[in-house]
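# Per-entry structural report
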Amino acid sequence: CEHAFRGSVMNPLVLRRFIYLMCGLIVVAMLATLFADVTTSREPGDLATELGAQRFEDGRYDEALKYFNEALRESPDHRGAIMGRAHIFMKQKKYPDAIAELNYLIDYLTKTLAQDDLTGRGALAVAYHNRAIIRDRSGKYELALEDYISAIKTDEETVEEPGVIHKILYGNANPSSARKRAVY
């Protein structure tokens, strides 16, 4: 009967197999942990909203809308999914549908937003800002101005113009902001 040990020295082939086996098990354990974290640490609707946002960025609006709708089935007031639907309708120039989504989101957040919810405050500011853009495009300038002011009062930092990196990446040397839009 051969043993892995010959005296006090380990057989190099057995040691190599052991190391490969342990490395493989570590990789499997890491993948299992990653998978478990990705699938269990999200709130209802978050994964579908993320997939919808990816489709939106790719210009695949019909697929994105399906994912946002799925997110809303999982979590009926999911602010990311509602905002995603509004963005799709804005891109498709379906302004009444976009306004309906934004009105709902603004009403919902105004009633439920906690004082320390910075993400929610940013979402509310963006909702006001997007509704102002639509109203501006529709010739409803007074209502647009009210929304721009509300966006700035809610979270000016969120609706200010993008930084240098954004300007370089997207080639827009003079991006807009809620304040700039309100002034003109």
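Residues numbered from 1 in each chain as written. Predicted model: local features only at pLDDT ≥ 70, side-chain atom pairs only at ≥ 80, totals over all residues. Heavy atoms only, no water.

### Concerning the pattern of salt bridges
For the structure on display, the rule yields seven salt bridges. For the salt bridge of aspartate 117 with arginine 79, the shortest nitrogen-to-oxygen distance reads 2.9 Å. Taken together, the positions of aspartate 117 in the loop between α5 (95–112) and α6 (118–137) and arginine 79 in helix α4 (residues 79–91) put the pair 38 residues apart, joining distant regions of the chain. The salt bridge partner of arginine 85 is glutamate 101, with a shortest N-O separation of 2.8 Å. Here the residue arginine 85 occupies a position in helix α4, and glutamate 101 occupies one in helix α5, the gap between them amounting to 16 residues. Residue classification places arginine 85 among the buried residues on the basis of a relative accessible area of 15%. Since its relative accessible area comes to 13%, glutamate 101 is described here as buried. (Salt bridge = Lys/Arg side-chain N within 4 Å of Asp/Glu carboxyl O. Helix = DSSP H or I, 4+ residues; strand = E, 2+ residues; numbered from the N terminus. Buried < 20%, exposed > 50% of the residue type's maximum accessible area, 1.4 Å probe, protein only.)

### Focus on a nonpolar patch on the surface
The grouping of Leu15, Phe18, Ile19, Tyr20, Leu21, Met22 and Leu25 at the surface amounts to a nonpolar patch, some 690 Å² of accessible area in total. Mapping leucine 21 onto the fold places it in helix α1 (residues 12–40). (Patch = residues over 30% accessible without salt bridge, like charges linked within 9 Å, V, L, I, M, F, W, Y side chains within 5 Å. Areas by Shrake-Rupley, 256 points an atom, 1.4 Å probe, with all protein chains shown as cover.)

None of the figures reported here should be taken as evidence of function without further support.
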